[in-house]
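# Understanding the architecture of this molecule
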Amino acid sequence: MPLPVEPLLRANPLFRRLSDDDRRRLADVSLVRSYTKGSTIFSEGDPSDFLFTIDSGRVKVAKMLPGGKEVILEILGAGDPLGAVAAYESRPYPASAVALEDSALLLVKRGAFFALLENSPSLVRGLLNGLSFRLLELTRRIAEVTGSRVETRFASVFLMLSARLGRPEARGLFIPLALSRQDLADFTGTTLETAIRIMSRWGKEGLVLTEKDGFLIANPVALERLVSA
């Protein structure tokens, strides 16, 4: 049975400011699609035929830098928009998106979406606020990857993940997301060897512990000090 589209639109930061009428019109040109773990949702350079919203699961957004290094820009979860800026500007997707686990996504058809925009100024106004926020977030991530110390970038990543996914436990905050050392290297724009070295040292120092199904942030204060240093 297909998932109802309208509640997904209401939960999405891009669409929550829309009127009920605009949201219903948008729901009429949308669909829900499932992706298995490891599936490519879109590749860098693909035409932006859809705006996506994650209903369930997690998706990584990664970009190839000029030197051939892959950098993970974001890890997104339920309620997050995906590919909206590219679709809105009618540009190819600037990065690739891959499902980190089995995921369900809401897809809004770009052609029908723009037809709605032409007849609904209120829909345009509601979307511009959300798109501006997404552009600022992506700009900040690229700046972080290219302009700060590696250890600072690691601390920023784990603080961001703990804020989004962290589950309080007796020993600290547990992040239920299993990322490989290569994933962490890609996320922070560094080498596999550096990722292994930092995570090994942090484990010995009791900052971040690697567990079977994720990570335990045992000392978030120390990570905050690294970011603010």
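All values reported here derive from a predicted model rather than from experimental measurement. (Residues numbered from 1 in each chain as written. Predicted model: local features only at pLDDT ≥ 70, side-chain atom pairs only at ≥ 80, totals over all residues. Heavy atoms only, no water.)

## Here we look at the nonpolar core
Counting 27 residues, the largest nonpolar core has Phe154, Phe158, Met199, Trp202, Val208 and Leu223 as the members making the most contacts within it. Contributing elements (two or more residues each) for this core: β5 (70-76), α6 (150-165), α7 (181-188), α8 (192-205), β12 (214-217) and α9 (220-228). Counting residues per element, this core draws most heavily on α6, at 6 residues. Counting residues in hydrophobic clusters, the runner-up holds 19 residues, among them Tyr35, Leu73, Leu76 and Leu107. (Core = buried A, V, L, I, M, F, W, Y, C linked by side-chain atoms within 4.5 Å. Buried < 20%, exposed > 50% of the residue type's maximum accessible area, 1.4 Å probe, protein only. Helix = DSSP H or I, 4+ residues; strand = E, 2+ residues; numbered from the N terminus.)

## Focus on the side chain of Ser103
Among the structural elements, Ser103 can be located in strand β8 (residues 103-109). Overall, the relative accessible area of 4% leaves Ser103 in the buried class. Side-chain polar atoms of Ser103 contact the backbone nitrogen of Arg58, separated by 3.3 Å. Setting aside residues no more than four positions away along its own chain, Ser103 makes contact with Arg33, Ser34, Tyr35, Ser56, Gly57, Arg58 and Val59. (Polar contact = N/O pair within 3.5 Å; in protein donor to acceptor, adjacent residues only side chain to side chain. Contact = heavy atoms within 4.5 Å.)

## Considering the packing of aromatic side chains
Using the criterion set out here, one finds 7 aromatic pairs in the structure. With a centroid separation of 6.1 Å and an interplanar angle of 85°, the aromatic rings of Phe154 and Trp202 are classed as edge-to-face. Residue Phe154 is located in helix α6, and its partner Trp202 is located in helix α8; the two are separated by 48 residues in the primary sequence. Per residue, the accessibility class of Phe154 equals that of Trp202, and both read buried. Taken together, the aromatic side chains of Phe42, Phe50, Phe52 and Tyr93 make up a single cluster linked through ring pairs. (Phe/Tyr/Trp six-rings, centres within 6.5 Å; stacked < 30°, edge-to-face > 60°.)

## Examining the sheet that holds β12
Read across the open sheet, the 4 strands follow the order β9-β10-β12-β11; overall the sheet is antiparallel. For this open sheet the edge positions go to β9 (167-169) and β11 (208-211), each flanked by a neighbour on one side alone. Within the sheet, the average angular offset between the axes of one strand and its neighbour, ignoring direction, is 30°. For β9 and strand β10 (residues 172-175), the ladder comprises 3 bridges, and the chain directions are antiparallel. (Pairing = 2+ DSSP bridges. Axes fitted to C-alpha atoms, helices over the stretch in contact; angles between N-to-C directions.)

## A word on the pattern of salt bridges
Opposite charge on two side chains lets them pair, provided their charged atoms get close. Applying the stated criterion across every chain, the model contains 9 salt bridges. A salt bridge links Arg201 to Glu151; the nearest nitrogen and oxygen atoms lie 3.0 Å apart. With a gap of 50 residues between them, Arg201 in helix α8 and Glu151 in helix α6 connect regions that are remote in the sequence. According to the relative accessible area criterion, Glu151 is buried, its value standing at 15%. Put simply, Glu169 and Arg167 hold a salt bridge, and the shortest N to O gap is 3.6 Å. Among the residues examined, Arg167 registers a relative accessible area of 41% and is labelled partly exposed. The network of salt bridges with common partners includes Arg149, Glu151, Arg201 and Glu205. (Salt bridge = Lys/Arg side-chain N within 4 Å of Asp/Glu carboxyl O.)

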